[in-house]
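Residue-level listing of the chains:
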Amino acid sequence: MLTSTTAALKPADVEKKWIVIDAEDAVVGRLAAFIAMRLRGKHLPTYTPNVDSGDNIIVINAEKVHLTGKKHNEIFYWHTGHPGGVKQRTLGQLLSGKYPERVLTKAVERMLPKESPLARKQMTQLRIYAGNTHPHEAQNPEVIDFKALSRKNVRSV
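Every value quoted in this text rests on a predicted model; they were computed, and no experiment measured them. (Residues numbered from 1 in each chain as written. Predicted model: local features only at pLDDT ≥ 70, side-chain atom pairs only at ≥ 80, totals over all residues. Heavy atoms only, no water.)

1. Notes on unusual backbone geometry
For clarity, the threshold we go by: The helix count covers DSSP runs of H or I at least four residues long, the strand count covers runs of E at least two residues long, and both are numbered beginning at the N terminus. A 1.4 Å probe rolled over the protein chains alone gives each residue an accessible area, and that area as a share of the maximum for its type sets the label: buried under 20%, exposed over 50%, partly exposed in between.
Non-glycine residue Asp 25 carries a positive phi angle of around 65°. Its location among the elements puts Asp 25 in the loop between strand S1 (18-22) and helix H1 (28-40). With a relative accessible area of 27%, Asp 25 lands in the partly exposed category. Of note, the phi angle at Glu 115 is positive, near 50°, even though the residue is not glycine. Classification of Glu 115 as exposed rests on a relative accessible area of 79%.

2. Thoughts on helix H3 (residues 101-109)
The following threshold applies: Comment: arc refers to directions from the helix axis out to C-beta atoms. Contact between two residues is taken to exist if any of their heavy atoms lie within 4.5 Å; hydrogens are not considered.
Considered for burial, the residues of H3 that qualify are Glu 101, Val 103, Leu 104, Ala 107 and Val 108. Projected down its long axis, H3 shows its buried positions confined to an angular sector of 160°, all on one face. Packing partners of the buried residues in H3 comprise H1, strand S2 (56-60), helix H2 (91-95), helix H4 (117-123) and strand S5 (126-128).

3. Comments concerning the packing of aromatic side chains
Our working rule: Only Phe, Tyr and Trp rings take part, Trp by its six-membered ring, and two of them pair if their centres are within 6.5 Å. Stacked means planes under 30 degrees apart, edge-to-face means over 60, and tilted covers everything else. In this analysis the charged atom, NZ for Lys or CZ for Arg, is taken to sit over a ring once it is within 6 Å of the ring centre and within 35 degrees of the ring normal.
Evaluated as defined, the whole model comprises one aromatic pair. For the pair Phe 34 and Phe 146, a centre-to-centre distance of 5.3 Å together with 50° between the ring planes defines the contact as tilted. In this pair, Phe 34 sits in helix H1 while Phe 146 sits in the segment after strand S6 (142-144), placing the two residues 112 residues apart along the sequence. Since its relative accessible area comes to 13%, Phe 34 is described here as buried. Note that Arg 102 overlies the ring of Tyr 99, its terminal NZ or CZ placed 4.1 Å from the centroid.

Take a look at the structure:
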């Protein structure tokens, strides 16, 4: 009788790569889904749900991402904790504001498991920069052309 078992990856066996993705003209949702998959390690045949086997990801040009449909007018609310402290911003205001990289950060964060110590650790391996440069050249990151993977990944206005 043949029996086969799935080999579980151990944390000592993990080899992490560094990846650079240029987000210029990329669609936010598609890019966030791609990044979340790479952060979790689901692109590998050795994927194990309880082991951090994902890559370190660097995203540049995060201020130049595009939103599809009417998402520029989508409103996000939060409360400051003080009476009458309900605040709101649209996604378009966040992209044109002081920290445009937060739009992509929150999109990726919402695609990872909720309230998980492993997901919090995986989010620390994501580095997003609004501009064209990053300080991680010493890691010799591999460049992935996200726009060439599918024609739907790019939206030019």
